[in-house]
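Below, each chain spelled out in residue letters.
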Amino acid sequence: MAAEIDDAQIVQLARLAGLELDRERRAAVLAQLSGLLAEAGAVNELMAGRREVGPGIRFDAREARDGG
Amino acid sequence: MAGSAAHRELTGLGLREAAGLARAGEVSPAELVEATLERIAALDPGLTAFIRVDEEGARAAARAAERVPAAERGPLHGVPLAVKDNVALAGQVCSAGSRILDGFVPERDATLAARLRAAGAVFVGRTNMHEFAYGVTTNNPHYGAARNPWDPGRTPGGSSGGSGAAVAARLCQGAIGTDTGCSVRLPAAFNGIAGLRPSIGRVSNDGVVPLAWTLDTAGPMCRTVEDCALMLAAMAGRDERDPQSAEVPVPDYLEPLERGLDGLRIGVVEDFSLSGLQAGVKEAMEAALDVLAGAGAELREVRLGELGPSVSALLTIDIAEPAAYHAAWLRERPGDYGEDVRTLLEAGELYLASHYIQAQRYRTVLRASFERALSECDAVFTPTVPFTAPPVGATEVRLESGEELDIITAVMRYNALPPLTGMPALSVPCGFGEDGLPVGLQLIGRAFDEATLLRIGHGYQQLTDWHRKEPPR
């Protein structure tokens, strides 16, 4: 999404988030989303194809150690 | 001038050496603190490694340390340490490098700081950092840009850039850093020191200003791996004030250090560990692998699947969680943020929840891949960063391939992996690039097996002298 986002979409998303962004702020955010996060789709692409049954999120290292 | 010869000698001592002398009564904590304060006064104006120096508090702590009977002196007795500005100390402003929190004075120490104090450490000041730890350069708009002691025109990295610069410049014997995506290991590598990111849960986050809750971890930054082991031993362990801290016993980190490298298996990741590096960085990595192999370590090629989205996943989490933490301030005081942090926070507000969840799911996939690799080896070897420190103010980096990347994305290539998996990682100085700037190698280990990383790093430092190199002054 990030690479293709435009100002109109930022206006809508900001409104949904309840965030006031003037033209200057929207330009900065657009540059951020288009630059730093240009590849944000990669993880979505990989994970959207995985529909395994069972626990899906574990980020606690304790579980790694305990074999959870 | 960087102080008298006697004082320079004291600031040149490693943490373990200094503590040993102080415990034995051969050096007094007051002498250590005076030497440190003198050196900070001489050198820090050119580095901006500190946001605040607590001369009065350090002297009082040193005096108190001198009254401790010899039998009761702790492992860090009288040793001057620095604290990153996002770690609470009772009665001291804890601004996290921000204007937003410049009036925040905690009533008590963070658990990890209290534990270091209990071990005898004396805190001399609060180190500069990227605002709210949300960036990789410590180019702080409120307190000034921290600078790299090896070349003040270069960044010390971030977000614990002040801690990295202070340790490298001998302005303290060790420092606390915090690491969400890279912030202990990156400045360790750029400043030519050792830095350990412990497993998530190994060190309490109580009293540490959060950046991203599911990634944040505090760790030691010192000139040697042995000193990192000593600091970790004091900091680590379950804390009732932090529910995410783990009920995992803290082992003896010092005893295994002397076991050497013979028989250890070092995993080198096919088409990853040594690819796309600046020429000098690649040479340093190959030389480091030769040293490890020469000392009896077995080098093994290992495969790690699904590495591609790792930077994307790290950044997705590290943009969504900070946006949640800062939501109220971003609406009430947007103008009090620096431009870069404000923009990241605003961008984070616009992320979809499903993207965040996919990134969290990906962590499970990546960790499984690391668990497989670490069943065949004792540590995974990579560089910490593919290049040496860029100029102060740089926002983009040109890679060896010619590709230009945003600096945050560029530094994350290897750094992103430990925070995503929760596994510990150690950065160890291993040479200098063609530009004369330090290079660091990274070792990633099994969850809660910091001891093996410290053993490998210490073994390496017994065979090399990169950690003894001192920046010019």
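Scoring rules and cut-offs
- Residues numbered from 1 in each chain as written.
- Chains lettered and ligands numbered in written order.
- Predicted model: local features only at pLDDT ≥ 70, side-chain atom pairs only at ≥ 80, totals over all residues.
- Heavy atoms only, no water.
- Helix = DSSP H or I, 4+ residues; strand = E, 2+ residues; numbered from the N terminus.
- Buried < 20%, exposed > 50% of the residue type's maximum accessible area, 1.4 Å probe, protein only.
- Areas by Shrake-Rupley, 256 points an atom, 1.4 Å probe, with all protein chains shown as cover.
- Rg over C-alpha atoms; globule rule 2.2 N^0.38 Å.
- Contact = heavy atoms within 4.5 Å.
- pLDDT = per-residue confidence, 0-100.
- Buried area = accessible area lost by both parts, 1.4 Å probe.
- Salt bridge = Lys/Arg side-chain N within 4 Å of Asp/Glu carboxyl O.
- Polar contact = N/O pair within 3.5 Å; in protein donor to acceptor, adjacent residues only side chain to side chain.
- Phe/Tyr/Trp six-rings, centres within 6.5 Å; stacked < 30°, edge-to-face > 60°.
- Core = buried A, V, L, I, M, F, W, Y, C linked by side-chain atoms within 4.5 Å.

**Side note on the overall build of chain A**
So, point 1. Each helix and strand in chain A was counted, giving 4 helices and 0 strands.
So, point 2. Going from the N terminus to the C terminus, chain A shows its helices and strands as α-α-α-α.
So, point 3. Counting over 68 residues, chain A shows a buried share of 34%.
So, point 4. Here chain A has roughly 4,100 Å² of accessible surface; of this, 49% comes from carbon and sulfur atoms.

**Quick word on the overall build of chain B**
So, point 1. On a plain count of helices and strands, chain B comes out with 16 helices and 15 strands.
So, point 2. In terms of C-alpha radius of gyration, chain B reaches 20 Å, essentially the compact-globule figure of 23 Å for 473 residues.
So, point 3. When its C-alpha atoms are laid out on the principal axes, chain B stretches across 60 × 55 × 45 Å.
So, point 4. Considering chain B as a whole, with its 473 residues, one finds that 66% of them fall into the buried category.
So, point 5. Long-range pairs, those at least 24 residues apart, make up 77% of the contacts in chain B between residues at least 6 apart in sequence.
So, point 6. Accessible surface computed for chain B: about 15,000 Å², of which carbon and sulfur atoms make up 49%.

**Thoughts on the confidence of the model for chain B**
So, point 1. Across chain B, the average pLDDT comes to 96, with 99% of residues at 70 or higher.
So, point 2. Confidence estimates for the predicted assembly give a pTM of 0.96 and an ipTM of 0.84.

**Quick notes on the environment of Cys94(B)**
Residue and element names in this part refer to chain B.
So, point 1. Tracing the backbone shows Cys94 in the loop between β2 (80–84) and α5 (111–118).
So, point 2. Between the C-alpha atoms of Cys94 and Ala168, which are 74 residues apart in sequence, the distance is 23 Å.
So, point 3. Residues contacting Cys94, with those up to four places away along its chain left out, are Asp85, Asn86, Val87, Ala88, Leu101, Phe104, Pro106, Arg126 and Val209.

**Comments concerning the interface of chain B and chain A**
So, point 1. On the side of chain A, 36 residues touch chain B, which itself brings 48 residues to the contact.
So, point 2. Both faces combined, the contact of chain B with chain A buries some 3,800 Å², and carbon together with sulfur accounts for 62% of it.
So, point 3. Of all residues in chain B, Leu350(B), Arg361(B) and Arg367(B) give up the largest surface area on contact with chain A, accounting jointly for 19% of the area buried on that side.
So, point 4. Taken together, the connections running from chain B to chain A amount to 3 salt bridges.
So, point 5. Across the salt bridge formed by Glu339(B) and Arg25(A), the nearest N and O atoms sit 3.0 Å from each other.
So, point 6. Counting every contact that joins chain B to chain A gives 9 residue pairs in polar contact (both at pLDDT 80 or more).
So, point 7. Among the secondary structure elements, those contributing two or more residues to the side of chain B that touches chain A are α10 (310–325), α11 (327–332), α12 (339–349), α13 (353–373) and α14 (407–415) of chain B.
So, point 8. The element best represented in the side of chain B that touches chain A is α13(B), accounting for 13 residues.

**Section: the side chain of Ser310(B)**
Residues and elements named next belong to chain B.
So, point 1. Within the secondary structure layout, Ser310 lies in helix α10.
So, point 2. A distance of 2.8 Å separates a polar side-chain atom of Ser310 from the backbone oxygen of Leu307.
So, point 3. When sequence neighbours within four positions are dropped, the list of residues in contact with Ser310 reads Tyr362, Ala416, Leu417 and Leu420.

**Topic: the packing of aromatic side chains**
How two aromatic rings sit relative to each other is set out by the distance from centre to centre and by the angle between their planes.
Residues and elements named next belong to chain B.
So, point 1. One pass over the structure, following the stated rule, counts 8 aromatic pairs over all chains.
So, point 2. Between Phe190 and Phe387, the aromatic rings sit 6.5 Å apart at their centres with planes inclined by 45°, giving tilted as the arrangement. With Phe190 in helix α7 (residues 185–191) and Phe387 in the loop between β11 (379–383) and β12 (396–398), this pair connects stretches of sequence that are 197 residues apart. Neither residue differs from the other here; Phe190 and Phe387 are each classed as buried.
So, point 3. Aromatic ring contacts, followed pair by pair, group Phe132, Trp213, Tyr325, Trp329 and Tyr337 into a single cluster.

**Observations concerning unusual backbone geometry**
As a rule of thumb, non-glycine residues mostly have phi less than zero, and peptide bonds are mostly trans rather than cis.
Residue and element names in this part refer to chain B.
So, point 1. Gly158 connects to Ser159 through a cis peptide bond whose omega is 5°.
So, point 2. With respect to the helices and strands, the residue Ser159 is situated in the loop between β5 (144–145) and α6 (161–168).
So, point 3. Here the phi dihedral of Arg170 falls at roughly 65°; this positive angle occurs in a residue that is not glycine.
So, point 4. Here Arg170 is to be found in the loop between α6 and β6 (174–179).
So, point 5. By relative accessible area, Arg170 is classed as buried at 8%.
So, point 6. Located in the positive-phi region is Phe448, a residue other than glycine, with phi close to 65°.
So, point 7. Relative to the helices and strands, Phe448 is located in the loop between β15 (438–444) and α16 (450–463).

**Remarks on α5(B)**
Residue and element names in this part refer to chain B.
So, point 1. When we look at burial in α5, the residues that qualify are Thr111, Leu112, Ala113 and Leu116.
So, point 2. Buried residues belonging to α5 abut β2, β3 (122–127), β6, β8 (217–222) and α8 (225–235).
So, point 3. Just downstream of α5 lies Gly120, where phi reads positive at about 110°.

**Observations concerning the nonpolar core**
All names here are of chain B.
So, point 1. Membership of the largest hydrophobic core comes to 165 residues, with the highest contact counts inside it found for Leu116, Phe370, Met412 and Leu454.
So, point 2. Looking at this core, the element that brings in the most residues is α8, giving 8 residues.
So, point 3. Setting aside its immediate chain neighbours within four residues, Met412 contacts Val136, Gly181, Cys182, Val311, Leu314 and Leu315.

**Side note on the pattern of salt bridges**
All names here are of chain B.
So, point 1. Enumeration over the complete set of coordinates arrives at 32 salt bridges over all chains.
So, point 2. For Asp206, the salt bridge identified is with Arg108, shortest N-O distance 2.9 Å. Remark: Arg108 occurs in the loop between β2 and α5 and Asp206 occurs in the loop between β7 (194–197) and β8; sequence separation between them is 98 residues.

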